[in-house]
Amino acid sequence: MPCSGNALEQCGAGGRLNLYWSGKQPPPPPTTAPKIGNWTSLGCYTDNVAGKGRTLTVGTAVVGDNTQAKCTTACFNAGYPLSGSEFSA
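Residues numbered from 1 in each chain as written. Predicted model: local features only at pLDDT ≥ 70, side-chain atom pairs only at ≥ 80, totals over all residues. Heavy atoms only, no water.

## Regarding the overall build of the protein chain
Along the protein chain, the regular secondary structure elements total 1 helix and 2 strands. Across the protein chain, helices and strands are ordered from the amino to the carboxyl terminus as β-β-α. Each of the 89 residues in the protein chain was classed as buried or not, and the buried ones make up 8%. Of the contacts made within the protein chain by residues no fewer than 6 positions apart, 25% connect residues no fewer than 24 positions apart. Of the roughly 7,800 Å² of accessible surface on the protein chain, a fraction of 59% belongs to carbon and sulfur atoms. (Helix = DSSP H or I, 4+ residues; strand = E, 2+ residues; numbered from the N terminus. Buried < 20%, exposed > 50% of the residue type's maximum accessible area, 1.4 Å probe, protein only. Contact = heavy atoms within 4.5 Å. Areas by Shrake-Rupley, 256 points an atom, 1.4 Å probe, with all protein chains shown as cover.)

If you want it as structure tokens, here you go:
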């Protein structure tokens, strides 16, 4: 469906977010730590663009709530050269 803010853009559906504002101050945006232990951030990447599959095709298990530190540790222990996560603190 065309976006009400810009009719040339599509809103809703996969890979898109309909965003609403209550008028209250929103929380600060997420941040990316430049380093976690010996791991250096390579930045933010888009995943599964146009349904073409995952950027990182192999996953690893993390016990409990996922954090960047737990993810990088699990990836290091599994021998992976890269670590990436979604929905983690």
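## Section: the confidence of the model for the protein chain
Summing up the model confidence of the protein chain, the mean pLDDT is 81 and the portion of residues at 70 or higher is 90%. Mean pLDDT values over the elements of the protein chain span from 92, in helix H1 (residues 68-77), up to 94, in strand E2 (residues 39-40). (pLDDT = per-residue confidence, 0-100.)

## Considerations on the environment of Phe-76
Within the secondary structure, Phe-76 sits in helix H1. Each C-alpha atom of the pair Phe-76 and Trp-39 lies 9.3 Å from the other, and the pair is 37 residues apart in sequence.

## A look at the side chain of Thr-72
Within the fold, Thr-72 resides in helix H1. Reaching out from Thr-72, the side chain makes a polar contact with the backbone oxygen of Ala-69 at a distance of 3.0 Å. With residues up to four places along the chain from it excluded, the contact list for Thr-72 reads Ile-36, Trp-39 and Ser-83. (Polar contact = N/O pair within 3.5 Å; in protein donor to acceptor, adjacent residues only side chain to side chain.)

## Structural notes on H1
Among the residues making up H1, those that are buried are Cys-71, Thr-72, Ala-74 and Cys-75. All buried residues of H1 lie within an arc of 160° about the axis, which places them on one face of the element. Opposite the packed face of H1, turned more than 90 degrees from it, sit the exposed residues Phe-76 and Asn-77. The secondary structure elements touched by the buried residues of H1 are strand E1 (35-36) and E2. Gly-79 occupies a position one or two residues after H1 and carries a positive phi of about 85°. (Arc of directions from axis to C-beta.)

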